[in-house]
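Take a look at the letters that make up each chain.
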Number of protein chains: 2
Amino acid sequence: MINVLFSARPERWETYEAPLRAAFAQAGLDINLSTDVPPAEVDYIIYAPNGPVADFAPFTRAKGVLSLWAGVEKIVGNTSLTQPLTRMVDEGLAEGMVEWVAGHVLRYHLDMDRDICRRNTAWQVHIPPLARDRRIGVLGMGELGTACARALAGLNFDVAGWSRSPKSVAGVTCHHGDDGLEAVLAHSDILVLLLPATPATESILNAHSLAMLPTGARIVNPGRGELIDDDALLDALNTGHIAHATLDVFRIEPLPDDHPYWAHSNVTVTPHIASETRPGTAAKVIAENIRRGEAGEPFLYLVDRKAGY
Amino acid sequence: MINVLFSARPERWETYEAPLRAAFAQAGLDINLSTDVPPAEVDYIIYAPNGPVADFAPFTRAKGVLSLWAGVEKIVGNTSLTQPLTRMVDEGLAEGMVEWVAGHVLRYHLDMDRDICRRNTAWQVHIPPLARDRRIGVLGMGELGTACARALAGLNFDVAGWSRSPKSVAGVTCHHGDDGLEAVLAHSDILVLLLPATPATESILNAHSLAMLPTGARIVNPGRGELIDDDALLDALNTGHIAHATLDVFRIEPLPDDHPYWAHSNVTVTPHIASETRPGTAAKVIAENIRRGEAGEPFLYLVDRKAGY
């Protein structure tokens with residue numbers, strides 16, 4: 001019998017209990033799944049940062065902390081955490097992210113808003129360029145960034161990607177390092193931010209890097225609010241250097257009512273919906289990692305605590 | 001020397017002359033291209049319905065009428081036309097159409113308008129289903145319909161297509177005939193119209209067929225205005241059976257200022273921009289067909305005058 005503690009908000013227990021039990025049964029795992037297990041008896045913790053567990057020290061025999069979230073920046077700094085930490089890479093989450101990013105990039109590419117929000121009867125023809133002539137930059141080529149870059153290349157866009165370390169993705173021009181960042185920014189008629197939030201990526205989009213984007217660039221941020229220096233972005237929107245931004249994530253969520261993003265005519269705020277982990281597919285990832293832990297195999301999606309993701 | 005008459009509006013001559021001459025040179029064709037050739041000396045006519053030629057009888061030696069337009073419904077009924085007629089299948093046009101259709105389908109799928117046009121500060125989370133759980137119907141599986149259906153399937157949508165005659169497209173559930181039409185309509189959370197305008201497709205979307213769509217269905221029409229019974233669609237929008245429609249083509253264009261579509265809160269009007277033939281790629285198709293005509297090879301995209309496309 002393997003003891004698994006579910007430590008997330010109560011509403012998550014309601015949506016996750018059944019999919020988890022189904023995934024454990026399917027994986028042939030004999031598991032005691034509960035929201036209440038004495039810490040010293042816990043083998044694995046299924047974890048979300050807004051759940052009850054904050055101190056990992058009492059979990060003396062736990063073999064792994066399995067995050068339900070893709071972003072782990074709220075836990076990697078926790079010094080009580082000595083157990084292996086895995087992050088969630090849910091295929092449902094990646095699919096949803098690809099759809100949201102492809103949709104908003106196409107929206108900008110086609111200049112949709114002028115027709116969607118028009119309140120007059122003006123028949124003004126505006127033929128966009130073809131996607132093959134539209135340059136897209138993707139900052140962050142992890143699972144999500146790579147999936148989005150691939151999908152955008154599949155739609156014929158001219159896609160460049162940037163990551164900390166070198167990558168190779170078919171159909172995508174890949175850059176890395178500081179020089180690579182400048183190259184990708186200069187190439188981005190539309191820029192997509194899919195980096196993790198780490199000390200190295202904090203305000204990576206600032207006055208200096210915004211100035212490297214082509215005039216009239218559009219920005220799509222489904223990554224993390226911390227990637228953007230908000231004052232610098234507002235300045236660039238006000239001068240017109242940046243034509244528009246669609247922001248799904250913010251330093252404070254929900255975005256406060258008095259934040260200037262809400263009222264800015266060149267900003268679209270979406271309420272952190274770009275992607276959401278889906279219980280059905282996420283439960284299978286959790287079950288697979290427990291199976292691996294029990295079999296002595298390496299975990300999927302193990303977090304590099306030093307890199308921060 | 002091959003005599004080629006260019007018969008379209010003067011502004012088209014300005015955009016097409018250089019790309020055509022370049023394509024002819026590249027194909028090794030020795031061509032006299034002009035907007036003014038005595039009819040009896042013309043070998044090929046490059047044609048648009050709004051150009052000067054209306055009577056084809058004087059063109060006694062012409063081997064082909066090469067349309068610049070994809071839709072040929074304005075010419076197939078011309079009884080003076082005895083020469084072979086080809087329609088334009090421009091890869092730029094198909095690419096642009098795929099991008100426009102993918103963009104608006106994703107817009108509906110993600111329910112983008114609520115965030116794009118929002119004028120308050122409400123943080124209301126709305127997670128859409130995954131594309132794999134969104135049913136799309138494509139009426140018309142010609143070059144454009146097939147390209148769009150393929151691209152939507154590539155984005156993971158659950159796509160069904162309908163055509164007059166049986167088709168087979170990887171990743172798309174293909175139907176045909178009257179029973180097939182009902183099956184596709186019942187399957188369409190989002191319906192895309194890409195049929196040609198023919199007597200058989202006139203008002204194919206009418207009160208009867210609209211009722212076959214699921215409640216809350218959305219409609220995207222980049223095909224032809226004649227496909228829709230406008231009064232029936234307005235009725236279905238007013239009852240809420242159809243949630244929204246994005247219409248790019250109309251029976252009268254530009255859409256008259258007093259047409260109810262302009263003011264309807266559940267209709268997006270776009271000014272016939274879903275796709276446009278691109279001179280650079282279209283000129284290559286024209287050159288290839290003249291090469292084929294001279295070599296005695298069958299034309300590309302020959303119109304079946306009886307079927308009407």
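Here the structure is shown first, and the text comes after it.
Reference entry: report on the structure contained in this document.

About the criteria used
- Residues numbered from 1 in each chain as written.
- Chains lettered and ligands numbered in written order.
- Predicted model: local features only at pLDDT ≥ 70, side-chain atom pairs only at ≥ 80, totals over all residues.
- Heavy atoms only, no water.
- Helix = DSSP H or I, 4+ residues; strand = E, 2+ residues; numbered from the N terminus.
- Rg over C-alpha atoms; globule rule 2.2 N^0.38 Å.
- Buried < 20%, exposed > 50% of the residue type's maximum accessible area, 1.4 Å probe, protein only.
- Contact = heavy atoms within 4.5 Å.
- Areas by Shrake-Rupley, 256 points an atom, 1.4 Å probe, with all protein chains shown as cover.
- Lys, Arg positive; Asp, Glu negative; His and termini not counted.
- Charge placed at Lys NZ, Arg CZ, Asp CG, Glu CD.
- Least-squares fit on C-alpha atoms with pLDDT ≥ 70 in both.
- Buried area = accessible area lost by both parts, 1.4 Å probe.
- Salt bridge = Lys/Arg side-chain N within 4 Å of Asp/Glu carboxyl O.
- Polar contact = N/O pair within 3.5 Å; in protein donor to acceptor, adjacent residues only side chain to side chain.
- Nonpolar A, V, L, I, M, F, W, Y, C, P; charged D, E, K, R; others polar.
- Pairing = 2+ DSSP bridges.
- Axes fitted to C-alpha atoms, helices over the stretch in contact; angles between N-to-C directions.
- Right-handed = clockwise from strand over helix to strand, strands pointing away.
- Parallel < 35°, antiparallel > 145°, perpendicular 65-115°, else oblique.
- Left-handed = near helix turned anticlockwise from the far one by under 90°.
- Core = buried A, V, L, I, M, F, W, Y, C linked by side-chain atoms within 4.5 Å.

Right, let's get into the overall build of chain A. Check the secondary structure of chain A and you find nine helices and twelve strands. Since a compact globule built from 309 residues should have a radius of gyration of about 19 Å, the 21 Å found for chain A is in line with a globular shape. Expressed along its principal axes, the backbone C-alpha trace of chain A runs to roughly 65 × 40 × 35 Å. Burial status across chain A gives 57% buried among its 309 residues. The long-range share in chain A, meaning contacts at least 24 apart out of those at least 6 apart in sequence, stands at 62%. For chain A, the exposed surface amounts to about 12700 Å²; the carbon and sulfur share of it is 51%. In chain A, 26 side chains carry a positive charge and 38 a negative one; their mean positions are 4 Å apart.

Below, the discussion takes up the relation of the copies chain A and chain B. Under the fitted operation, chain A is carried onto chain B by 0.0 Å of movement along the axis and a turn of 180°, and the coordinates agree to an RMSD of 0.1 Å. When the rotation and shift are considered jointly, the pair of chain copies conforms to a two-fold rotation axis. When the interface residues of chain A are mapped onto chain B, 100% of them are again interface residues, pointing to one common binding face.

This brings us to the interface of chain A and chain B. Tallying the contact residues gives 49 residues for chain A and 49 residues for chain B. Buried area between chain A and chain B, summed over both chains or domains, comes out near 4200 Å², and the portion from carbon and sulfur atoms is 68%. Contact with chain B buries area across many residues of chain A, yet E99, W123 and P271 of chain A alone supply 19% of it, more than any other trio. Between the two partners, chain A and chain B, sit four salt bridges. We note a salt bridge from R132 of chain A to E91 of chain B, for which the minimum N-O separation is 3.3 Å. Taken together, chain A and chain B are joined by 14 residue pairs in polar contact (both at pLDDT 80 or more). Those elements that place two or more of their residues in the side of chain A that touches chain B are α2 (91-110), α3 (113-116) and β12 (267-269) of chain A. For the side of chain A that touches chain B, the leading source of residues is α2 of chain A, giving 13 residues. The class makeup of the residues in the side of chain A that touches chain B is 23 nonpolar, 13 polar and 13 charged.

Moving on, we come to the sheet that holds strand β5 (residues 85-86) of chain A. Residue and element names in this part refer to chain A. Here we have five strands laid out as an open sheet, ordered β2-β1-β3-β4-β5, and parallel in their pairing. Each having just a single partner strand, β2 (31-34) and β5 make up the two edges of the open sheet. Strand direction decides the pairing type here: strand β4 (residues 64-67) and β5, joined by two bridges, are parallel. Among the inter-strand pairings, V65 is bridged to a residue of β5, identified as L85. Across the face of the sheet, helix α1 (residues 10-26) comes into contact with β1 (2-7), β2 and β3 (44-47) while running at roughly 175° to β2. Running at roughly 160° to β3, helix α9 (residues 279-295) makes contact with β1, β2, β3, β4 and β5 of the sheet.

It is worth spelling out the sheet that holds strand β11 (residues 242-247) of chain B at this point. Residue and element names in this part refer to chain B. Taken in spatial order, the seven strands line up as β8-β7-β6-β9-β10-β11-β12 in an open sheet, and their pairing is parallel. The two strands at the open ends of the sheet, each matched to only one other strand, are β8 (173-176) and β12 (267-269). Neighbour-to-neighbour, the strand axes of this sheet turn through a mean angle of 15°, independent of strand direction. Most of the contacts of helix α4 (residues 143-154) go to strand β6 (residues 135-139), to which it runs at about 170°, and overall it touches β6 and β7 (158-163).

The subject of this paragraph is the pairing of strand β10 (residues 217-221) of chain A. All names here are of chain A. Most of β10 is tucked away: five of the five residues are buried. Residues of β10 alternate between two faces, with A217, I219 and N221 on one and R218 and V220 on the opposite face, all of them buried. Once you follow strand β9 (residues 190-193) into helix α6 (residues 207-212) and on to β10, the crossover reads as right-handed. Direction of pairing for β10 relative to strand β11 (residues 242-247): parallel, over a ladder of five bridges. Across the sheet, the residue bridging to N221 is L247, located in β11.

Moving on, we get to the packing of helix α2 (residues 91-110) of chain B against α4 of chain B. Residues and elements named next belong to chain B. Following both chains from N to C, one finds α2 and α4 inclined at 45°, their axes separated by 9 Å at the closest point. What the angle tells us is that α2 and α4 run oblique. As for how α2 packs across α4, the hand of that crossing is right-handed. On α4, the residues that touch L93, A94, M97, V98, V101, A102 and V105 of α2 are L144, A147, C148, A151 and L152.

Inspection of every chain in the model, using the stated rule, returns 34 salt bridges over all chains. For the salt bridge of R291 of chain A with E297 of chain A, the shortest nitrogen-to-oxygen distance reads 3.1 Å. With a shortest N-O distance of 2.8 Å, D189 of chain B and R135 of chain B are connected by a salt bridge. Remark: R135 of chain B occurs in strand β6 and D189 of chain B occurs in the loop between α5 (177-186) and β9 (190-193); sequence separation between them is 54 residues.

With that out of the way, let us pick up the nonpolar core. In this structure, V101, I136 and F157 of chain A together with V101, I136, F157 and V159 of chain B are the most contacted members of the largest nonpolar core, which totals 61 residues. Among the elements of the structure, α2, β6 (135-139), α4 (143-154) and β9 of chain A together with α2, β6, α4 and β9 of chain B are those that each provide at least two residues to this core. For V101 of chain A, the residues in contact, after removing those within four places along its chain, are C148, L152, V192, L194 and P222 of chain A.

Moving on, we come to the environment of I116 of chain B. Within the secondary structure, I116 of chain B is located in helix α3 (residues 113-116). Look at I116 of chain B and you get buried, because its relative accessible area is 7%. Among all residues touching I116 of chain B, those that are not within four sequence positions of it are R107, D113, I116, C117 and T268 of chain A.

Take it as geometry only, folks, not as evidence of what the structure does.
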